[in-house]
Amino acid sequence: MKSILSETSRVPFAAQVEQVVASTPVFDIHTHLYEPAFGELLLWGIDELLVYHYLVAESFRQLDLPYEKFWALSKTRQAELIWDALFIQHSPVSEACRGVLTTLHAFGLDVKKRDLPALRLWFAGQTAEQHITRCMELAGVEKICMTNSPFDELERPVWERGFRRDERFVAALRIDPLILSWPESAPRLAQWGYRVDARRESEKNFSEVRRFLADWSGRMKARYLMISLPPDFEYPARNISARLIEKAVLPHCRESGLPLALMPGVKRAVNPQLKLAGDGVGLSNLDMLQHLCAAHPQNKFLATVLARENQHEFCVLARKFRNLHVFGCWWFANIPSLVDEITRMRLELLGLSFTPQHSDARVLDQLVYKWQHSRRIIARVLVEKYADLAETGWQPSRSEVERDVKELFGGAFERFCGK
Ligand code: FIX
Ligand code: ZN
C-alpha cells in the first residue's frame, strides 16, 4: 500500500488531500436548479446571480428605497442597484457577494474592472446548454438533485406533459404545502382527482394522499421526499401536519423505499416585505426528529438543521439512529466559519458516515462558488484529521483518501438511500 505520507518528498501530504478533494466529482443532493426541459425555470447569468435572495436581503441594509419601489423595478434595474450597493459602494466581503466574484473569476472574467455592462455582454454570448456543462465542470458536480413541487404552477405542467430526462439531473419531491398548509392543499388535491376532504379527517384522506405521493414520486422518479419545517414543529402531535406524516408520508416512504428529508429551523416570512429573502432561523426542538427516528426504524430520514445552536444535538442524534443521515450546511449555516466548525464536529462525531455539503444553488452559476468554497474548507479539515491520525503512526494511503472523499461527496448518501 502506497502511503500518502511517504510521498511527502514529491507532493506534500496536505496538497495531495487537497488535490483529491478538488478533483472528486460530487453528487449535489439538494439544489433549486432545473433540468433543461424546464426552460426558463433554470436560472443563470449575471443578473440572476445579483438578484439572488441572499443579496437582496443584504442590499436592503444599504438601500434607502422603499420595498415596493424595489419590487416594481425590472430585474435588470434591481441587479444594478444591488451591484452598486454591495460591490461598488462597499467592498463585497460577505459570503454571498464573494461567491459572485469567485464564480466570475472561474469563468475567466476580470472582476477588478467592476464593469457590469461588460459582464452582461459575456453572458449574452452563452447558451444555457453550454453553460450547464461549463458550470458543472468548474464545480466538479456530476449529478444534481432538483427540488420539485407538484404545487408549483410553472413546474407541474412540465411533469404532466412529460419530457425526455437529462441524466445529469434527478428529482426530489417537495411536499411543504401538503404538510404545512393542508386546508389550502386539500382542495387542490381534490381538483386533481384525489378524493380528499379537508373538513373531516378520515382514513380515506390518508390513503388518497398516499396515492398522490405514489403518483408524483413515480412521475418524477423522485430520489427522496422533502419538507422544510418551522422551529416549533412537533412530532408526535395531535395536529394535521403530524398526522399526515404518520399516516400518509411515512407509509408511502416505507412502501417505496424512499427517504424523507427533513429541514427544521426555518421561520418563513419573518419580514414578508423582503419576499423570498424574508425567511429567518429559529432554534428547533429536535425531540421531534428523535421520535420520528425511534418510532419508525423502517423509515430512512435525511436531515439538515438551520440553526447553529442545533448542530451539536443533531450530530449526537445521528450517532443514535442509523436511519438518520446528516447532510449539508444549510443556507445561513453555509458560511465559511460555520462550515468549518460544523464539518469538523461531524467528522469528530460521525466519522465519514454523512454528507458534508449540498449547494442549495438557485442559479446555475452558483454551483461554481458554492462548491469551490466548500471544497476548500472540507479539504482543510480533512488534512488536519489525517494529520492527527499520522501522529499515531497510522498513514493513510492515497486510495484510502480517495475512498473517503467519495463517501463524503455522494457515496455515503447513495448507500444510505439504497439500503
Ligand atoms: O427550503 C429550502 O429548500 C431553502 O433552501 C430555500 O427555500 C431557501 O430560500 C434557500 O434558497 C436557501 O439556500
Ligand atoms: Zn433549499
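All of the points below concern the structure found in this document.

Calculation criteria
Residues numbered from 1 in each chain as written. Chains lettered and ligands numbered in written order. Predicted model: local features only at pLDDT ≥ 70, side-chain atom pairs only at ≥ 80, totals over all residues. Heavy atoms only, no water. Helix = DSSP H or I, 4+ residues; strand = E, 2+ residues; numbered from the N terminus. Rg over C-alpha atoms; globule rule 2.2 N^0.38 Å. Buried < 20%, exposed > 50% of the residue type's maximum accessible area, 1.4 Å probe, protein only. Areas by Shrake-Rupley, 256 points an atom, 1.4 Å probe, with all protein chains shown as cover. Lys, Arg positive; Asp, Glu negative; His and termini not counted. Charge placed at Lys NZ, Arg CZ, Asp CG, Glu CD. Donors = N, O, S within 2.8 Å, 3.2 Å for Na, K, Ca; no water. Phe/Tyr/Trp six-rings, centres within 6.5 Å; stacked < 30°, edge-to-face > 60°. Near = heavy atom within 4 Å. Polar contact = N/O pair within 3.5 Å; in protein donor to acceptor, adjacent residues only side chain to side chain. Pairing = 2+ DSSP bridges. Axes fitted to C-alpha atoms, helices over the stretch in contact; angles between N-to-C directions.

## Brief notes about the overall build of the chain
Link 1 in the chain: The helix and strand inventory of the chain stands at 18 helices and 9 strands.
Link 2 in the chain: Taking 419 residues into account, the globule formula puts the C-alpha radius of gyration at 22 Å, and the chain, at 22 Å, falls close to it.
Link 3 in the chain: Scored against the burial criterion, the 419 residues of the chain give a buried share of 55%.
Link 4 in the chain: Put simply, the chain shows about 18700 Å² of open surface, and 52% of that area lies on carbon and sulfur atoms.
Link 5 in the chain: Of the charged side chains in the chain, 54 are positive and 52 negative, and the gap between their average positions amounts to 3 Å.

## A look at the coordination of the zinc ion (ligand 2)
The textbook angles at a metal center are 109.5 degrees for a tetrahedron of four donors and 90 or 180 degrees for an octahedron of six.
Link 1 in the chain: On the protein side, the zinc ion (ligand 2) has His30 (NE2), His32 (NE2) and Asp360 (OD) as donor atoms, found 2.0 to 2.1 Å from it.
Link 2 in the chain: Counting gaps between the donor residues of the zinc ion (ligand 2) yields the pattern H-x1-H-x327-D. Of the two residues, histidine 30 sits in the loop between strand S1 (26–28) and helix H2 (46–50) while aspartate 360 sits in the loop between helix H16 (336–350) and helix H17 (366–390), which places them 330 residues apart along the sequence.
Link 3 in the chain: Judged by its relative accessible area of 0%, histidine 30 falls in the buried class.

## Some thoughts on the packing of aromatic side chains
Link 1 in the chain: Following the criterion strictly, the structure yields 22 aromatic pairs and no others.
Link 2 in the chain: An angle of 45° between the planes, with centres 4.8 Å apart, marks the rings of phenylalanine 60 and tyrosine 67 as tilted.
Link 3 in the chain: Between phenylalanine 60 and phenylalanine 70, the ring centres sit 5.0 Å apart and the planes meet at 65°, which makes this aromatic pair edge-to-face. Placement of phenylalanine 60 in helix H3 (residues 53–60) and of phenylalanine 70 in helix H4 (residues 67–72) is noted, with a sequence separation of 10 residues between them. Taken individually, phenylalanine 60 and phenylalanine 70 each receive the classification buried, so the pair is uniform in this respect.
Link 4 in the chain: Here the aromatic cluster, defined as three or more aromatic residues joined through ring pairs, consists of Tyr34, Phe38, Trp159 and Phe163.

## Observations concerning the site of ligand 1
Link 1 in the chain: Around ligand 1, the neighbouring residues are His30, His32, His53, Tyr54, Arg174, Arg268, Trp330, Trp331, Asp360 and Arg362.
Link 2 in the chain: Take histidine 30: an N or O atom from its side chain is 3.2 Å from an oxygen atom of ligand 1.
Link 3 in the chain: In this structure, arginine 174 approaches ligand 1 through a side-chain N or O atom, which is 2.7 Å from an oxygen atom.
Link 4 in the chain: For ligand 1, whose accessible area on its own is 330 Å², the fraction buried by protein is 98%.

## Some points on the sheet that holds S1
Link 1 in the chain: Read from one edge of the open sheet, 7 strands run S1-S2-S3-S4-S5-S8-S9, paired in parallel fashion. The open sheet terminates on both sides in strands that have one partner only, identified here as S1 and strand S9 (324–326). Across the sheet, the mean angle separating the axes of adjacent strands is 30° when strand polarity is ignored.
Link 2 in the chain: Pairing geometry for strand S3 (residues 169–174) and strand S4 (residues 222–229), over 3 bridges, is parallel. Bridge assignment links alanine 171 to a residue of S4, and that residue is alanine 222.

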